[in-house]
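# Inside the fold
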Amino acid sequence: MASSLKHIYGHQVLLSKLLKANKDRHLPHALLFSGPDGIGKKKVALALVQTLLCEKSYPACGECDDCINVEQENSHHILLVQPDGLYIKSEAIRQISKFVSLQSFAPARAIIIDPADRMNLSSANSLLKILEEPPLHVYFILISSHLLALPVTIRSRVQILRFQPLNSEDLYTIVKKEQRENKELKESGKKKKNKTDKKKEKKTLFSPLENHWMIRASHGSMNNLEKWQENKDLRDQALKLLKESITGQELFAFGALADLVKDREQALFVCLFWQQILRDACLMKFSNKNIIHQDQREILSVLTKVPFENLNVFFQNVVQLEQGLKGYLDSSLNFDSLFIQIREKLKVKNKNT
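Residue positions are given per chain, counting from 1 as you read along its sequence in written order. Residues qualify for local features only when their pLDDT is at least 70, as the model is predicted, and side-chain atom pairs are given and counted only at 80 or more; totals for whole chains, interfaces and linings, by contrast, use all residues. The basis for every side-chain value is the complete set of heavy atoms in the structure, and neither hydrogens nor water enter the calculation.

On to the packing of helix α11 (residues 232–246) against helix α13 (residues 264–284), then. In this analysis, axes come from line fits to C-alpha atoms, helices being fitted only over the stretch in contact, and the angle between any two N-to-C directions falls in the range 0 to 180 degrees. Only DSSP runs of H or I with at least four residues qualify as helices, and only runs of E with at least two residues qualify as strands; both kinds are numbered from the N terminus onward. The geometry of α11 relative to α13 is characterised by a closest axis approach of 10 Å and an angle of 60° between their N-to-C directions. Considered as vectors, α11 and α13 are oriented oblique to each other. Of the two elements, α11 crosses α13, and the hand of that crossing is right-handed. Contacts between α11 and α13 involve L234, R235, A238, L239 and L242 from the former and Q266, F269, V270, F273, W274 and I277 from the latter. For classification purposes, an angle smaller than 35 degrees is called roughly parallel, one larger than 145 roughly antiparallel, one from 65 to 115 roughly perpendicular, and anything else oblique. Handedness of a crossing follows from how the near helix is turned relative to the far one, being left-handed for an anticlockwise turn of less than a right angle and right-handed for a clockwise one. Note on definitions: a residue-residue contact is assigned when non-hydrogen atoms from the two residues lie within 4.5 Å.

This is the structure:
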């Protein structure tokens, strides 16, 4: 085991401020970590709690029972509050009241609410009463990627820390670290694995080229990076259908499109990918800089032949479709309509197809 502080990437400045405030005994009793999903806000919260609980060394030894239990999210001195279904309900806030009322000999206790913006109005009002009269040595850490979704009354009772997306170097470092750990795990258990198992495992690793476009496409979020890795095949299918449509190939079939977007999460992923590929095409019309999907130059070259106005119209249509899908529109029906527009707006003449 090691201190969670050593596993924080990209947020060292914020973390240093928190550690200094704690050392000076000026740490606010209620904090709100705001920023995009998947950038490490919860990891920073756990690292801070390790510091609050560790009595062996400062800021945290990473070896004592308290440090280990915090890292494993199994500490009796932490209450992790998460949604029950879609929302964090009043029952969860009652658990907080019970937790803070219990007698404890620990140097501190912490309540981590993640994501805090999923509290309904009733639970938010109940939490507000607790925040207004905070118990001694009890710290609240609210985590949210949708700051404005929290009531103003809650925001006014906490100190807000704004987390920025990870940069490419941080993501590369995390990927390399995970690859190294995967390799070590494989080598330690190689006697128990057959050759077929080994071949399957190798496919889970990023290639250098995949690292490049996936990291650009992830916009500083490890959650997004993992989604791109999991959906590489879906990206390939979406590319194939888009290319067939814009080049006017008769092989394109709406049945294939229906299979591709029958799942809502898949449909949302396809919308995200098309937004990015259209953005890349617009950039390529003026410059080759900051292209996300640099491994798809062929289809990007085709898209650059489409007038900018048409690309922009299609981009806006995809954005609208994405918003509609989040509102539970029928994905297959709406994608059919979108692809009719593709044929009208993006179809290009290509002598090679």
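The next subject is the pattern of salt bridges. Whenever Lys or Arg places a side-chain nitrogen within 4 Å of a carboxyl oxygen from Asp or Glu, that contact is recorded as a salt bridge. Under the criterion given, the structure shown has seven salt bridges. Where E91 meets R94, a salt bridge forms, and the shortest distance between an N and an O atom there is 3.1 Å. With a gap of three residues between them, E91 and R94 both fall in helix α4 (residues 90–101), about one helical turn apart. Per-residue accessibility, obtained with a 1.4 Å probe over protein chains only, is compared with the maximum for each type, and a residue is labelled buried under 20%, exposed over 50%, and partly exposed between these values. Its relative accessible area of 42% is what places E91 among the partly exposed residues. Among the salt bridges present, the one from R235 reaches D295, with a minimum N-O distance of 2.8 Å.

The next point concerns the confidence of the model for the protein chain. Residue-level confidence of the predictor is what pLDDT reports, using numbers from 0 through 100. Averaged over all residues, the pLDDT of the protein chain equals 83, while 83% of them reach at least 70. In the model, residues 195–205 has pLDDT below 50 throughout and makes 12 contacts with residues more than four positions away in sequence or in other chains.

The next point concerns the nonpolar core. Nonpolar cores were defined as sets of buried Ala, Val, Leu, Ile, Met, Phe, Trp, Tyr and Cys residues, with membership established by side-chain atoms within 4.5 Å. Core analysis: the largest hydrophobic core is formed by 80 residues, its most contacted members being F33, W274, I277 and F335. Grouped together as the second largest cluster of nonpolar side chains are 26 residues, F99, V100, I113 and L128 included.

Strand order in the open sheet made by the five strands is β2-β3-β4-β1-β5, with parallel pairing throughout. On the outer flanks of this sheet lie β2 (78–81) and β5 (159–162), each paired with one strand and no other. Adjacent strand axes in the sheet meet at a mean angle of 20°, parallel and antiparallel pairs treated alike. DSSP bridges decide pairing: two strands pair if at least two such bridges lie between them. Summarising the sheet, strand β3 (residues 109–113) and strand β4 (residues 138–144) pair through five bridges and their orientation is parallel. Bridging across to β4, I112 finds its partner in I141. In this fold helix α2 (residues 41–53) packs onto β1 (30–34), β2, β3 and β4, with an angle of close to 170° to the strand it touches most, β4.

Okay, the side chain of K41 next. Secondary-structure assignment places K41 in helix α2. For K41, which is buried and forms no salt bridge, the nearest opposite charge comes from D37, at a distance of 4.5 Å. For the purposes of these results, a polar contact is taken to be a pair of N or O atoms within 3.5 Å, where, inside protein, one atom must be able to donate a hydrogen and its partner to accept one; residues adjacent in sequence count only when each atom of the pair is a side-chain atom. Of the polar contacts made by the side chain of K41, one reaches the backbone oxygen of G35; its length is 3.1 Å. Excluding residues that lie within four positions of it along the chain, K41 makes contacts with F33, S34, G35, P36, I143, S144 and F163. The charged-residue count follows a simple rule in which Lys and Arg add positive charge and Asp and Glu add negative charge, with His and chain termini not counted at all.

Another aspect to go through is α2. What a helix is expected to span follows from its residue count: subtract one and scale by 1.5 Å. Compared with an ideal rise of 1.5 Å per residue, which puts 13 residues at 18 Å, α2 spans 19 Å between its outermost C-alpha atoms and is within 8% of the ideal. The buried count for α2 comes to 11 of 13 residues, which makes it a mostly enclosed element. Within α2 the residues assigned to the buried category are K41, V44, A45, L46, A47, L48, V49, Q50, T51, L52 and L53. Looking at the buried residues of α2, the elements they touch are α1 (12–23), β1, α3 (65–71), β2, β3 and β4.

Take the packing of α1 against α2 next. α2 packs onto α1 with a crossing angle of 25° between their chain directions and a minimal axis gap of 11 Å. Classified by the interaxial angle, the pair formed by α1 and α2 is roughly parallel. In this structure, α1 meets α2 at a crossing whose hand is right-handed. Seen from α1, the contacting residues are L15, L18, L19 and N22; seen from α2, they are V44, L48, T51 and L52.

Glancing now at the environment of L19. Along the chain, L19 falls in helix α1. For L19, a relative accessible area of 15% corresponds to the buried category. Sequence-wise, L19 and A47 are 28 residues apart; in three dimensions their C-alpha atoms are separated by 9.8 Å.

Another aspect to go through is the pairing of β4. In the case of a regular strand, side chains alternate between the two sheet surfaces. Counted residue by residue, β4 has seven buried out of seven residues, so it is predominantly covered. Across five bridges, β1 lies against β4 in parallel orientation. Its bridge partner being in β4, A30 is matched across the sheet by F140. Seen with the strands pointing away from the viewer, any crossover whose path from the first strand over the helix to the second strand runs clockwise is right-handed. Each parallel crossover has a hand, and the one from β3 via helix α5 (residues 121–132) to β4 is right-handed.

Here we come to the packing of aromatic side chains. Aromatic rings from Phe, Tyr and Trp, taking only the six-membered ring of Trp, are treated as a pair when their centres fall within 6.5 Å; an angle between ring planes under 30 degrees marks them as stacked, one over 60 as edge-to-face, and anything in between as tilted. Under the criterion given, the structure shown has five aromatic pairs. Between F33 and F163 the ring centres are 4.9 Å apart and the planes differ by 45°, which places this aromatic pair in the tilted class. Of this pair, F33 sits in strand β1 while F163 sits in the loop between β5 and α7 (168–188), and the two are 130 residues apart along the sequence. On the basis of relative accessible area, F163 is assigned to the buried category, the value being 3%.

Our next topic: unusual backbone geometry. Cis rather than trans, the peptide bond between Y58 and P59 has omega equal to 5°. Among the secondary structure elements, P59 is positioned in the loop between α2 and α3. The linkage connecting D114 with the following residue, P115, adopts the cis geometry, with an omega of -5°. Even without glycine at this site, R25 takes up a positive phi of about 60°. Topologically, R25 is positioned in the loop between α1 and β1. For H137, which is not glycine, the phi dihedral falls at a positive 65°. When you line up the elements, H137 lands in the loop between α5 and β4.

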